[in-house]
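# Observations on the three-dimensional arrangement
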Amino acid sequence: MQKVLKRVLAVAVAVSVLSGCASEVDSIQMAPLPKVDNTFTPKTDWSRSVGDGVNGYYSKLTPAVGLDKVFVADRAGLIEALNPATGKVEWETDLEGDNSAKLSGGLVLGDGKVFVGTENAKVIALDAETGKEVWRTTVAGEVLAKPLVADGLVVVNTSSGVLEALDVETGASKWQVSNEVPTLTLRGDSSPVAVSGGVFWGLANGRLAGALMSDGRLLWQQSIAAPKGSTEIDRLVDVDASPVIAGDRLFAVGYNGTLVSIDLRSGQIVWKRNYSSATNFIVDGSELFLVTAKDHVVAVDARSGTELWQNTDLQYRQLSAPAMIDGYVVVGDAEGYLHWLDTQNGEFVSQEEIDSSGIAVPPVALDDNGFIVVTRDGEINKMQIPQ
């Protein structure tokens, strides 16, 4: 079994081949829980659980919301569609009765289907209304990141360095793009994104790539993380965070690299700043919110790259990716706390303990101003900020 290692040192998440690093990991201390005077306390509308969750494994199974349902899953293969108002189970599908599905990439809703990838190199499509399996396809490697559903295709970025497009209706392979994977990489992959007939994704060699959605022909590659240092660990670079498209810009960040703004038409870098991260980030209007490799929460002006503020009080608390909920930046941590930050200055406005098993994925906003929080042990909470 491949348990996820603590992200106190991002390299340690990376590689099962790293031996002798325990002392370095142990020397990095998680910051104590900040003391926060809550300006509000979120209330819980309902709670339930989905199987055993992901426990200590890498699997980052984010809920998918749509079609008046909330879709959730556990690593073993249990997928449920829940009523967002009540938490009632609308349907339930067990993909593997023998506890070996190893779900790891998803969930994603599109074309009336729910898609999920596995550590066993499978992509599975379920009917979103009934939960019935529609198709199952073997791809070129582990699927550790969310698939992309666009233009009649399901595009997956696999751990073997192959980006593969599948037919959304049948699962048949339509095209592949292969890239070499370095010997030493972080455990994880970048989810692809698409716009105007192009698909864009991060590579394990520290580069960002763009290709035509129709046939996979490469458009450009751009380096955003260059190897530096004298040891293999020092020289490790990777782009695991998913790119974000906003207007005519594409934003991306690399581990041991930079945060960049790229012109979509030319593929040229407009600005770059020295931030290292392997965690997904968000762009909200003219502001970009990022969790660094040290678990510092940073706000950056998306137009210029100027840093607006930085909160270092959650250092090495193994934060989830940030989410924007009701106008606040929200992150979860390994001890199961949600932290709410003011977007204007990065100061804490609320803190809530959810579950001691920890929070690995960001909360997901619902249409009714509520949000869903999923913990590592599979607890599902529908919550709201009191109005």
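A brief look at the structure comes next. (Residues numbered from 1 in each chain as written. Predicted model: local features only at pLDDT ≥ 70, side-chain atom pairs only at ≥ 80, totals over all residues. Heavy atoms only, no water.)

### With respect to the overall build of the protein chain
Across its full length, the protein chain carries 2 helices and 33 strands. Taking 2.2 N^0.38 as the reference for a compact globule, 387 residues should give roughly 21 Å; the C-alpha atoms of the protein chain span a radius of gyration of 20 Å, in line with that estimate. Principal-axis analysis of the C-alpha atoms places the extent of the protein chain at approximately 55 × 50 × 45 Å. Considering the protein chain as a whole, with its 387 residues, one finds that 59% of them fall into the buried category. Partitioning the contacts of the protein chain with sequence separation of at least 6, the portion at a separation of at least 24 is 47%. If the 31 positive side-chain charges of the protein chain are averaged to one point and the 50 negative ones to another, these points end up 4 Å apart. (Helix = DSSP H or I, 4+ residues; strand = E, 2+ residues; numbered from the N terminus. Rg over C-alpha atoms; globule rule 2.2 N^0.38 Å. Buried < 20%, exposed > 50% of the residue type's maximum accessible area, 1.4 Å probe, protein only. Contact = heavy atoms within 4.5 Å. Lys, Arg positive; Asp, Glu negative; His and termini not counted. Charge placed at Lys NZ, Arg CZ, Asp CG, Glu CD.)

### Digging into the pattern of salt bridges
Across all of its chains, the model carries 14 salt bridges by this definition. Residue D263 is joined to R265 by a salt bridge in which the shortest nitrogen-to-oxygen separation is 3.4 Å. By relative accessible area, which is 69% here, R265 ends up exposed. Across the salt bridge formed by E335 and R317, the nearest N and O atoms sit 2.6 Å from each other. Note that E335 is positioned in the loop between β28 (328–332) and β29 (337–342) and R317 in the loop between β26 (307–311) and β27 (323–325), a separation of 18 residues in sequence. Residue E335 is classed as partly exposed on the basis of its relative accessible area, which comes to 35%. Here the salt bridges do not stand alone but share partners, grouping R75, E119, E142 and R187 into one network. (Salt bridge = Lys/Arg side-chain N within 4 Å of Asp/Glu carboxyl O.)

### Focus on the sheet that holds strand β17 (residues 207–212)
Read across the open sheet, the 4 strands follow the order β15-β16-β17-β18; overall the sheet is antiparallel. The outermost strands of the open sheet, each flanked by one partner alone, are β15 (193–195) and β18 (218–223). Each neighbouring strand pair of the sheet contributes to a mean axis angle of 20°, computed without reference to strand direction. (Pairing = 2+ DSSP bridges. Axes fitted to C-alpha atoms, helices over the stretch in contact; angles between N-to-C directions.)

### Thoughts on the environment of L288
Note on placement: L288 falls in strand β24 (residues 287–291). Along the sequence, L288 and L319 sit 31 residues apart, while their C-alpha atoms lie 17 Å from each other. Look past the residues within four positions of L288 in its chain and what remains in contact with it is F251, L259, F281, I282, V283, V298, A299, V300 and A302.

### Describing the nonpolar core
Residues F71, I79, L95, L103, L107 and V116 are the most contacted members of the largest nonpolar core, which totals 17 residues. When residues no more than four places from it in sequence are discounted, the contact partners of L95 are G77, I79, L103, V116, I124, L126, E133 and R136. (Core = buried A, V, L, I, M, F, W, Y, C linked by side-chain atoms within 4.5 Å.)

### Observations concerning the sheet that holds strand β3 (residues 64–66)
The 4 strands are arranged β3-β4-β5-β6 in an open sheet whose pairing can be described as antiparallel. Both edges of this open sheet fall to β3 and β6 (89–94), since each of them pairs with a single strand only. Direction aside, the axes of adjacent strands within the sheet are offset by 15° on average. Sheet analysis places strand β4 (residues 69–73) next to strand β5 (residues 78–82), joined by 4 bridges and oriented antiparallel.

### Some details on the side chain of D167
Within the secondary structure, D167 is located in strand β13 (residues 162–167). With no salt bridge to any partner, buried D167 finds its closest opposite charge in K174, at an N-O distance of 4.4 Å. Within the structure, the side chain of D167 is placed 2.8 Å from the backbone nitrogen of E169, a separation counted as a polar contact. (Polar contact = N/O pair within 3.5 Å; in protein donor to acceptor, adjacent residues only side chain to side chain.)

### A word on the packing of aromatic side chains
Aromatic rings in a pair are described by how distant their centres are and how their planes are angled relative to each other. As enumerated under the stated definition, the model contains 9 aromatic pairs in all. With a centroid separation of 5.2 Å and 45° between ring planes, the pair formed by F40 and Y328 is classed as tilted. Taken together, the residues F40 in the loop between α2 (22–26) and β1 (43–49) and Y328 in strand β28 connect sequence positions 288 residues apart. Taking the centre distance of 5.3 Å and the plane angle of 85° together, the rings of F40 and W340 count as edge-to-face. A residue pair is termed long-range when its members are at least 10 positions apart, and F40 in the loop between α2 and β1 and W340 in strand β29 qualify at 300 residues. Both residues of the pair, F40 and W340, belong to the buried class. A network of ring pairs unites the aromatic residues F40, Y328, W340 and F371 as a single cluster. Between R75 and the ring centre of Y57, over which it is positioned, the NZ or CZ distance is 3.6 Å. (Phe/Tyr/Trp six-rings, centres within 6.5 Å; stacked < 30°, edge-to-face > 60°. Lys NZ or Arg CZ within 6 Å of the ring centre and 35° of its normal.)

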